[in-house]
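The residues making up each chain are set out below.
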Amino acid sequence: MAQATARKSQSTPVIPKARKVVAERTADIISGIFPDLNSGARATHRYFAIFLTVVSAMGFLVLLGINTLLAQDAFTLSNLKVEAKQVADQRDAINRSIDSFEAPENLAAAAAALGMRPSESPVFLNLTPVTGVTNG
């Protein structure tokens with residue numbers, strides 16, 4: 001009986017091991033037939049992450065372009081302000097030279113150079129309206 005019990009204990013682990021190997025092999029074959037659902041989810045997550053990265057990169061490039069255009073406009077505005085100041089300075093210089101020609105002493109010198117002489121009997125016009133004038 002001791003031998004029968006020993007044989008039974010020795011043969012019992014061999015059969016479950018064989019069944020376990022067969023079950024694992026069968027599970028491997030069956031899992032090879034059907035796609036792994038987790039890998040599909042991982043692929044979807046990967047494509048979504050790539051999509052988000054591309055969209056973010058494009059957004060940053062658009063912001064960079066807008067910022068560059070605004071910076072160019074700022075430089076243009078600065079140049080136009082400098083140009084406007086130069087034009088205003090030139091206008092002021094021309095007005096000063098015109099004012100110097102309009103000064104009475106300069107006008108008298110220019111008239112004398114042209115051969116004009118001052119009037120000996122000046123005539124003044126009275127431009128105020130006269131009221132209460134009667135005819136006759």
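Everything below is about the structure printed above this text.
In what follows, the accompanying structure is described.

Procedures and definitions
- Residues numbered from 1 in each chain as written.
- Predicted model: local features only at pLDDT ≥ 70, side-chain atom pairs only at ≥ 80, totals over all residues.
- Heavy atoms only, no water.
- Helix = DSSP H or I, 4+ residues; strand = E, 2+ residues; numbered from the N terminus.
- Buried < 20%, exposed > 50% of the residue type's maximum accessible area, 1.4 Å probe, protein only.
- Phe/Tyr/Trp six-rings, centres within 6.5 Å; stacked < 30°, edge-to-face > 60°.
- Lys NZ or Arg CZ within 6 Å of the ring centre and 35° of its normal.

1. Quick word on the overall build of the protein
Looking only at helices and strands, the protein features three helices and zero strands. Secondary structure of the protein in N-to-C order comes out as α-α-α. Sorting the 136 residues of the protein into buried and exposed places 1% on the buried side.

2. Comments concerning the packing of aromatic side chains
Scanning the entire structure with this criterion turns up zero aromatic pairs. Cation over ring: R46 sits above Y47, and NZ or CZ is 4.9 Å from the ring centre.

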